[in-house]
Amino acid sequence: MRAAVMRNKEIVSDTLPDPVPGSGEVLVKTLACGICGSDLHMLRHGDKMMESMRDAESPFVPNLGADVVMGHEFCAEVVEFGPNTVKQIAVGSRVVSMPISFRGGRPQAVGYSEEVPGGYGELMVLTEPLLLEVPNGLATEYAATTEPIAVGVHAVAKANVTPRDAALVVGCGPVGLAVIAGLRLAGVETIVAADY
C-alpha cells in the first residue's frame, strides 16, 4: 500500500506491505483522514512525548525508530474480515472507530504504532467491536471528524457543566470547536472562546 510515513522526524511517501487483519480485526480502506495537532507534535517533539509517556508508565509507548503511519481521525470502508470476527457490518460499509487496537494482548494506538498503521495509509486494520457504521447520508469528510468531536463532547461531559455555568474555551482548533459545540448542546449560554 502507499502511505505517508513518519520516518526520522519527517513525513515521506513510501510503499509498505499491506496490513493483514488478525483475530477480531477488520481490514479497511481509508476514505478520509484528518491531520491532528497531536500528529504534528509527535513529528516535531516525539522524543519528549515518548519520555513523558514512559514516565507516566503508559501501557503503550510508540517506537519512533520504526516507520509509523499516523492518522487517527478517519473514515474508512470495510474491505475484509480477519479470523474470529462476527461480521455484523457489511463489506463496503463506511465506518469510524475509536483509534485503539488490542493486538498482541496489549493496547496499541492506531496511527502511533509501527504495528497498527493509521489513516495516512491506503489500508488499516481496526478492532471489529470498536467499529461504528457511518449513518446513511453523512458525508465521508464529516464522518472523519468523529474522533475530535468525540473528544470535545467527552470533555464537556466530564466537566459536569450546567446551563447556568459560564465556560472558557482556550484554543479554537478542531477540539476547541468541538468543546464549544458540546457546551452549546449541553445548553450552556455563556461561552467565551480565546485563541490567537
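Throughout what follows, the structure given in this document is the object of discussion. Note that the coordinates shown come from a computational prediction; the quantities given were computed from them, not determined experimentally. (Residues numbered from 1 in each chain as written. Predicted model: local features only at pLDDT ≥ 70, side-chain atom pairs only at ≥ 80, totals over all residues. Heavy atoms only, no water.)

## Looking at the overall build of the protein
Selection rule: The helix count covers DSSP runs of H or I at least four residues long, the strand count covers runs of E at least two residues long, and both are numbered beginning at the N terminus. Burial classes: relative accessible area under 20% of the type maximum marks a residue as buried, over 50% as exposed, and values in between as partly exposed (1.4 Å probe, protein chains only). Contact definition: two residues touch when any of their heavy atoms are within 4.5 Å. Using a 1.4 Å probe, the Shrake-Rupley method yields the accessible areas, and only the shown protein chains count as cover for residues.
When its secondary structure is counted, the protein shows 4 helices and 11 strands. Taken over the C-alpha atoms alone, the protein extends approximately 50 × 40 × 30 Å along its principal axes. Each of the 196 residues in the protein was classed as buried or not, and the buried ones make up 39%. Contacts spanning at least 24 positions in sequence make up 69% of the contacts within the protein whose residues lie at least 6 apart. A total accessible area of about 10,900 Å² is found for the protein, and carbon and sulfur atoms account for 57% of it.

## Examining the pairing of strand β1 (residues 2-7)
So the rule is basically this: By the convention used here, strands pair only if DSSP detects at least 2 bridges between them.
The sheet contact formed by β1 and strand β2 (residues 10-15) spans 6 bridges and is antiparallel. Across the sheet, residue alanine 4 finds its bridge partner in β2, namely serine 13. If you look at the hairpin formed by β1 and β2, you'll find 2 residues sitting between the two strands, and asparagine 8 has a positive phi there, around 55°.

## Focus: the state of the cysteines
A covalent bond between the sulfur atoms of two cysteines is referred to as a disulfide. Here is the rule we go by: Disulfide: a pair of cysteine sulfur atoms within 2.5 Å of each other.
Evaluated as defined, the whole model comprises 0 disulfides. Not engaged in a disulfide, the cysteine cysteine 33 finds its nearest cysteine sulfur in cysteine 36; these two sulfurs lie 9.5 Å apart. You can call cysteine 33 partly exposed: its relative accessible area is 27%. For cysteine 75, which is in no disulfide, the shortest distance to another cysteine sulfur is to cysteine 33 and amounts to 10 Å.

## Focus on the side chain of threonine 30
We count it as follows: Polar contact is the term for a pair of N or O atoms within 3.5 Å; when the atoms are in protein, one must be able to donate a hydrogen and the other to accept it, and sequence-neighboring residues count only if both atoms are side-chain atoms.
Summarising the element assignment, threonine 30 is placed in strand β3 (residues 25-33). A polar atom in the side chain of threonine 30 sits 2.8 Å from the backbone oxygen of glycine 121.

## Looking at the pattern of salt bridges
How we decide: Each salt bridge in this description consists of a side-chain nitrogen of Lys or Arg and a carboxyl oxygen of Asp or Glu lying within 4 Å of one another.
Evaluated as defined, the whole model comprises 5 salt bridges. Salt-bridge contacts for lysine 9 lead to aspartate 47; the nearest nitrogen and oxygen are separated by 3.1 Å. A residue pair is termed long-range when its members are at least 10 positions apart, and lysine 9 in the loop between β1 and β2 and aspartate 47 in helix α1 (residues 37-55) qualify at 38 residues. Note on lysine 9: relative accessible area 47%, which makes it partly exposed. Of the residues examined, aspartate 47 reaches a relative accessible area of 44% and is grouped as partly exposed.

Just geometry here; none of it tells us what the structure is for.
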